[in-house]
Amino acid sequence: QVTLRESGPALVKPTQTLTLTCTFSGFSLSTRGMCVSWIRQPPGKALEWLALIDWDDDKYYSTSLKTRLTISKDTSKNQVVLTMTNMDPVDTATYYCARNRDCSGRMDVWGQGTTVTVSS
Amino acid sequence: DIQMTQSPSTLSASVGDRVTITCRASQSISSWLAWYQQKPGKAPKILIHKASSLESGVPSRFSGSGSGTEFTLTISSLQPGDFATYYCQQYNSYSWTFGQGTKVEIK
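Residues numbered from 1 in each chain as written. Chains lettered and ligands numbered in written order. Predicted model: local features only at pLDDT ≥ 70, side-chain atom pairs only at ≥ 80, totals over all residues. Heavy atoms only, no water.

Q: How would you explain the sheet that holds strand β8 (residues 79-84) of chain A if you had to name every residue and give the values?
A: Residue and element names in this part refer to chain A. Strand order across the open sheet formed by 4 strands is β1-β3-β8-β7, with antiparallel pairing between neighbours. Because the sheet does not close on itself, it has two edges, and the strands there are β1 (3-7) and β7 (69-74). Averaged over all neighbouring strand pairs, the angle between strand axes comes to 20°, with direction disregarded. Pairing of β1 with strand β3 (residues 18-25) involves 5 bridges; the strand directions are antiparallel. Of the residues in β3, the one forming a bridge with Leu-4 is Phe-24. (Pairing = 2+ DSSP bridges. Helix = DSSP H or I, 4+ residues; strand = E, 2+ residues; numbered from the N terminus. Axes fitted to C-alpha atoms, helices over the stretch in contact; angles between N-to-C directions.)

Put into structure tokens, the structure is as follows:
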């Protein structure tokens, strides 16, 4: 059974750096063709794809956020980490990680999400 | 980035109705389109990938069609559990983008 779980701070202050961890089971990110994405959703708004990392450690980022994002993986711990710098109240959202089984855009299993509020 | 536009934004329908949601891309995305269903407080669930391929375990009343820039999601007979928000997503090119969502409400 494939599961993913996001973890990180519920509250960050403006200008701080956010670090989120996606811990997964049921698949390996060292398997060819396996990828993990991060997606976010501000309250009452649409989904926004943020970043992807593949089995070969290639990384892809949202055009609008790429200067602020870093994605990395620890294959031995089955974790993917996303950092976002210079947080702003508009970054308040639920952040999800999801598996891309064939490294296509098809996100077939999602975590439950973690809510992050940016406020002083 | 490729922009995805869904219509309508909100749709009121009754159980048993046939429902169609449209998604338009700002440029051709071939068939690299997925549809997701999201219920309040829950993570999205994938329904369809590659424009018309039904995900395993998804009821056959859901279907997708289209290619290029225009796509549709059809629910042939709306069931109580189908009242939710639906999103299209292109994965033709990075960065991947979602539509703004279509909320299917009870009439």
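Q: Describe the interface of chain A and chain B, and please don't skip the residues or the numbers.
A: A common way to express how large an interface is: the accessible area buried when the components associate. At the junction of the two partners, chain A supplies 23 residues and chain B supplies 18 residues. Approximately 1600 Å² of surface area, both sides summed, lies buried where chain A meets chain B, with 65% of it carried by carbon and sulfur atoms. Contact with chain B buries surface across chain A, with Leu47(A), Trp49(A) and Arg106(A) losing the most and accounting together for 34% of the total. Summed over the shared surface of chain A and chain B, the number is 1 salt bridge. Measuring nitrogen to oxygen at the nearest pair gives 2.7 Å for the salt bridge that ties Glu55(B) to Arg106(A). Counting residues per element, the ones that place at least two in the side of chain A that touches chain B are β4 (35-41), β5 (48-54), β6 (59-61) and β9 (93-100) of chain A. (Contact = heavy atoms within 4.5 Å. Buried area = accessible area lost by both parts, 1.4 Å probe. Salt bridge = Lys/Arg side-chain N within 4 Å of Asp/Glu carboxyl O.)

Q: Let's hear about the environment of Asp57(A): which residues, and what values?
A: All names here are of chain A. For Asp-57, the position within the fold is in the loop between β5 and β6. Classification of Asp-57 as partly exposed rests on a relative accessible area of 36%. Separated by 16 residues in sequence, Asp-57 and Lys-73 place their C-alpha atoms 7.7 Å apart. (Buried < 20%, exposed > 50% of the residue type's maximum accessible area, 1.4 Å probe, protein only.)

Q: I'd love a proper account of the side chain of Thr21(A), names of residues and values included.
A: All names here are of chain A. Tracing the backbone through its elements, the reader meets Thr-21 in strand β3. A relative accessible area of 16% means that Thr-21 is categorised as buried. Beyond its immediate chain neighbours, meaning those up to four positions away, Thr-21 contacts Arg-5, Glu-6, Ser-7, Trp-38, Gln-79, Val-80 and Val-81.

Q: How would you sum up the pattern of salt bridges? Please name residues and give values.
A: The final tally for this structure, using the stated rule, is 11 salt bridges over all chains. Measuring nitrogen to oxygen at the nearest pair gives 3.1 Å for the salt bridge that ties Arg24(B) to Glu70(B). Of this pair, Arg24(B) sits in strand β3 (residues 19-25) while Glu70(B) sits in strand β8 (residues 70-75), and the two are 46 residues apart along the sequence. Through salt bridges with shared partners, a single ionic network connects Arg40(A), Glu48(A), Arg68(A) and Asp91(A).

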